[in-house]
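# Understanding the architecture of this molecule
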Amino acid sequence: MSLLAMVRRAMAQRPLATVLTALGVALGVALTSVVLTLQHELDRSYRRQSAGFSLVVGPSGSGIELVLNSIYHVGESRGLIPYSVLRELESEAWRPYLKHAVPCAVGDSYRGYRVVATTPAVFDPLFPQPEGANKFAAGGPFTLDPVELERVVAAVRRGEDPGEEGERREAVLGAEVARRLGLGVGSEIEPSHGVEGDHHHAGEDRWRVTGVLRATGTPIDRVVLINLDSFYRIAEHAGGRMPVTGEPGLSSILLFPRRGPGKLVLLSNLRKRGDLQVADVPTEIARLLDLVGNVDGIFLLVAVLVVVVAIVSVMVAIYNTMNERRREIAILRALGASRRRILSLVVLEAALVAAIGGLAGLILAHAGLAAGSARLAAVAGLEVRAATVLPVEAALLGAVVLAAAAAGMIPAWKAYRTDVARHLAPLS
Amino acid sequence: MSLRIEDLEHRYEDRGPATLHVPRYALEDGEQACLVGGSGSGKTTFLNLVAGILAPRRGVVRHGETDIAALGEAARDRFRARRIGYVFQTFNLLQGLSALENLLLPLGFAGVRGEEARTRALETLGRVGVGALADSRPARMSVGEQQRVAIARALVNGPALVLADEPTANLDEENAERALDLLRGSVAEAGASLLLVTHTRSVRDRFDRVETMAEISA
């Protein structure tokens, strides 16, 4: 009989203890694996989803909040900056440093999806979502007449109704919005005010869908883009104006600096301004992930502790059987088994229980992640690849098996030292 | 393979100064001998010394040409696996294993594996009349059947010497008689020698050569 077959028999003789201790290991490994995977996917997905962005200008406040708001489209807008900032940044003075600027005004939503009012600048090949020049799965961009936009802005600034003259209400949908709501080019949507969609605009405010973006796995998939002038025309958008001057406002402006010193020049100049804030996207993401990482670290610690407790319980369970197994061990020795073989038997048993538990744990974890991935995407914008087993998880499994084998040395040593002569003595 | 013991001395670790001393004992090739002694007389200890499970403080335990008292523990284990069969008192089968697997164990320890091991194990089980029980667990066998499997296990490696420690202790008279006959017959058939220890009169009476522990130790 092979060593492995003997160990399997020993385990099968105590099915309850074997299953329970393996289950403990499974839970610990599953927990650790979930934390590790989420940590990795969070990091990967936040970095990927912010890739290509450089600077964001917005109202004074938290930089992280500004980034979350304008790139991940989560959270409420914290205030406004005047529309004139956009004009200023697009002026000749900044041209050597700034290649491209994309304004965003938020405040509306459509059936749970955020509506972002912007200009066709968002369809520029420079804009990273969707990547490249080919942005549309169907249809094309909304149209926006710059002259008409300036007229509307000027009218709003004066407190006048810009009227319906030259108005085009057009929208472009993110891939998920179109797919989930069954919309396409030519559909009409009726956004409501408030990002939570709590209030409908008065009258018949319908936007015609002109295009659907390619699916990207980034936050833009869950956004409805509309042209900025149509946003300013809505009478209820008093909230879209600066409080004192009544000037139309923007929630943020995404900046794409030129190569070279452009970013540094923009950053240092805009930082001197008291009326607005500039956030460096990669820095803010790194800070955010650091913060999250600290919390993750605590989860990871708890998960690893569960694994450690499980391994100790494997050891204790085997140790507790040693007294009843002494006669068996003595018989094996009398049949010619060496001490080292007895030692290997016990160590292998501990390692095997841990390996079975560990594998079950990984399967459990990834089945759980697969089941929860849709919800994670919806709630946290987190795209989890449940089928991927990370190298660190494979390492975890290896470490668990090794640790169990090491812990198994304790009962194994007891087995090794079994006094054969004494335990062979007739039971009388 | 003959057994020669000379000036064997063993000290009990857990019984203070008590020692077992056997100046001389010999068993010829194919011979069958019975050792008699009450509990505490040292007969099991003597068997363990002969088997190499215990190492003597001094002396010679020569199996054929090999003095196992001079070997290290691992070498004694290997020697025991290949050359010595051991029958304990009745309940000595591994309960979690089938009859066949109980025989595959010592074969494995002696380095015989795979199909050859299986064939030899089945053949040996057949020889003692329990071939049909190969896949049964000890718990599902009668006490007599269990002891047949134990005898098969002691013989499966083709040992030169079979040691038996109270092999009939838990059997009723009829079963004891049958088991003993089977043991002696099978050992003789296999060409091995037999050294059996007991305190039971009925067992002792069936042997030609009988000594007491008191006679061989001094």
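Residues numbered from 1 in each chain as written. Chains lettered and ligands numbered in written order. Predicted model: local features only at pLDDT ≥ 70, side-chain atom pairs only at ≥ 80, totals over all residues.

So, about the overall build of chain B. When you go through chain B residue by residue, the secondary structure sums to eight helices and nine strands. The globule rule puts the C-alpha radius of gyration for 218 residues at 17 Å, and the 17 Å found for chain B is close to it. Out of the 218 residues belonging to chain B, those deemed buried represent 49%. In chain B, 73% of the contacts between residues at least 6 apart in sequence involve partners at least 24 apart. (Helix = DSSP H or I, 4+ residues; strand = E, 2+ residues; numbered from the N terminus. Rg over C-alpha atoms; globule rule 2.2 N^0.38 Å. Buried ≥ 20, exposed ≤ 12 C-beta atoms within 10 Å, placed from the backbone. Contact = placed C-beta atoms within 7 Å.)

Across its full length, chain A carries twelve helices and 14 strands. Relative to the compact-globule value of 22 Å for 428 residues, chain A shows a C-alpha radius of gyration of 32 Å, a clear excess of over 25%. In chain A, once contacts between residues fewer than 6 apart in sequence are set aside, the share between residues at least 24 apart is 81%.

Geometry of a packed helix pair, given as the angle between the helix axes and the separation of the axes. All names here are of chain B. Direction vectors running N to C along helix α5 (residues 143-155) and helix α6 (residues 173-189) enclose 15°, while the axes themselves pass 10 Å from each other. When the interaxial angle is binned, α5 and α6 end up roughly parallel. The hand of the α5/α6 crossing is right-handed. For the pair formed by α5 and α6, the contact residues are Val 143, Gly 144, Gln 147, Arg 148, Ile 151 and Leu 155 on the first element and Asn 175, Arg 178, Ala 179, Leu 182, Leu 183 and Ser 186 on the second. (Axes fitted to C-alpha atoms, helices over the stretch in contact; angles between N-to-C directions. Parallel < 35°, antiparallel > 145°, perpendicular 65-115°, else oblique. Left-handed = near helix turned anticlockwise from the far one by under 90°.)

Let's shift gears to the sheet that holds strand β6 (residues 84-87) of chain B. Neighbouring strands of a sheet are bound in pairs by backbone hydrogen bonds; such pairs are parallel or else antiparallel. Residues and elements named next belong to chain B. The parallel open sheet is built from five strands, whose spatial order is β6-β7-β8-β3-β9. Since the sheet does not close on itself, it has two edges, and those belong to β6 and β9 (209-212), each with one partner. Shown here is a sheet whose adjacent strand axes are inclined to one another by a mean of 20°, direction ignored. The pairing of strand β7 (residues 161-165) with strand β8 (residues 193-198) spans five bridges and is parallel. From the neighbouring strand, Leu 163 faces β8, where its bridge partner is Leu 195. On top of the sheet, α5 reaches β6 and β7; it is set at about 165° to β6, its chief contact. (Pairing = 2+ DSSP bridges.)

Below, the discussion takes up the interface of chain B and chain A. Each partner contributes residues to the interface: chain B has 29 residues there, and chain A has 21 residues. Every element with two or more residues in the side of chain B that touches chain A is listed here: α1 (43-51), α2 (73-83) and α3 (99-109) of chain B. At six residues, the largest contribution of residues to the side of chain B that touches chain A is made by α3(B). When the residues that make up the side of chain B that touches chain A are grouped by side-chain class, the tally is 16 nonpolar, seven polar and six charged. (Nonpolar A, V, L, I, M, F, W, Y, C, P; charged D, E, K, R; others polar.)

Moving on, we get to the sheet that holds strand β4 (residues 58-63) of chain B. All names here are of chain B. Taken together, the four strands give an open sheet; going across it, the order is β2-β1-β4-β5, and neighbouring strands pair in antiparallel fashion. Both edges of this open sheet fall to β2 (19-27) and β5 (66-67), since each of them pairs with a single strand only. Pairing analysis gives five bridges linking strand β1 (residues 3-11) to β4, with the strands arranged antiparallel. By the bridge assignment for β4, Glu 6 is matched with Val 60. With respect to the sheet, α1 is in contact with β1, β2 and β4, its orientation differing from that of β1 by roughly 120°.

In this section: α3(B). With eleven of eleven residues buried, α3(B) lies mostly within the body of the structure. Those residues of α3(B) that sit buried are B:Ala99, B:Leu100, B:Glu101, B:Asn102, B:Leu103, B:Leu104, B:Leu105, B:Pro106, B:Leu107, B:Gly108 and B:Phe109. Buried residues in α3(B) make contact with α9 (281-334) of chain A together with α2, α4 (114-127) and α5 of chain B. A positive phi of about 90° marks B:Gly111, the residue just after α3(B).

Right, let's get into the confidence of the model for chain B. For chain B, per-residue confidence averages 89 on the pLDDT scale, and 97% of positions sit at 70 or higher. The complex model carries a pTM of 0.74, and its ipTM stands at 0.88. (pLDDT = per-residue confidence, 0-100.)

This part takes up the environment of A:Ala17. Residue and element names in this part refer to chain A. Of note, Ala 17 is situated in helix α2 (residues 15-50). Overall, Ala 17 belongs to the partly exposed group, with 17 C-beta atoms counted inside 10 Å. Put simply, Ala 17 and Pro 411 are 394 residues apart on the chain and 15 Å apart in space, counted from C-alpha to C-alpha.

A separate point is the confidence of the model for chain A. Averaged over all residues, the pLDDT of chain A equals 86, while 94% of them reach at least 70. Looking across chain A, the model is least confident in strand β9 (residues 199-200) of chain A, with a mean pLDDT of 56, and most confident in helix α11 (residues 391-416) of chain A, with 94.

Another point: the nonpolar core. All names here are of chain A. Residues Ile 311, Val 314, Ala 350, Val 400 and Ala 404 are the most contacted members of the largest nonpolar core, which totals 125 residues. If we skip the residues at most four places from it in the chain, Ala 404 touches Ile 311, Val 314, Ala 350, Ala 351, Val 353 and Ala 354. Core analysis: the next-biggest nonpolar cluster, separate from the first, contains 65 residues, Leu 42, Val 85, Val 115 and Ile 253 among them. (Core = buried A, V, L, I, M, F, W, Y, C linked by C-beta atoms within 7 Å.)

Residue and element names in this part refer to chain B. The element β7 is extensively covered by neighbouring structure, given that five of its five residues are classed as buried. Side chains of β7 alternate between two faces, with Leu 161, Leu 163 and Asp 165 and Val 162 and Ala 164 buried alike. In this sheet, β7 lies alongside β6 in parallel orientation, the contact comprising four bridges. Bridge pairing in β7 links Gly 85 to Val 162.

Residues and elements named next belong to chain A. Considering the arrangement of structural elements, one finds Thr 143 in the loop between β5 (136-139) and α5 (146-157). The exposed category is assigned to Thr 143, around which 11 C-beta atoms lie within 10 Å. A C-alpha to C-alpha distance of 65 Å links Thr 143 and Val 19, two positions 124 residues apart in sequence. If near-sequence neighbours (up to four positions away) are discounted, Thr 143 is found in contact with Arg 168 and Glu 170.

With that settled, consider unusual backbone geometry. A:Pro130 follows A:Gln129 through a cis peptide bond whose omega is -15°. Note that A:Pro130 resides in the loop between β4 (113-118) and β5. Residue A:Arg111 is not a glycine yet carries a positive backbone phi of 45°. With respect to the secondary-structure elements, A:Arg111 resides in the loop between β3 (98-110) and β4. For B:Asp7, which is not glycine, the phi torsion reads 50° and is therefore positive. Here B:Asp7 is to be found in strand β1.

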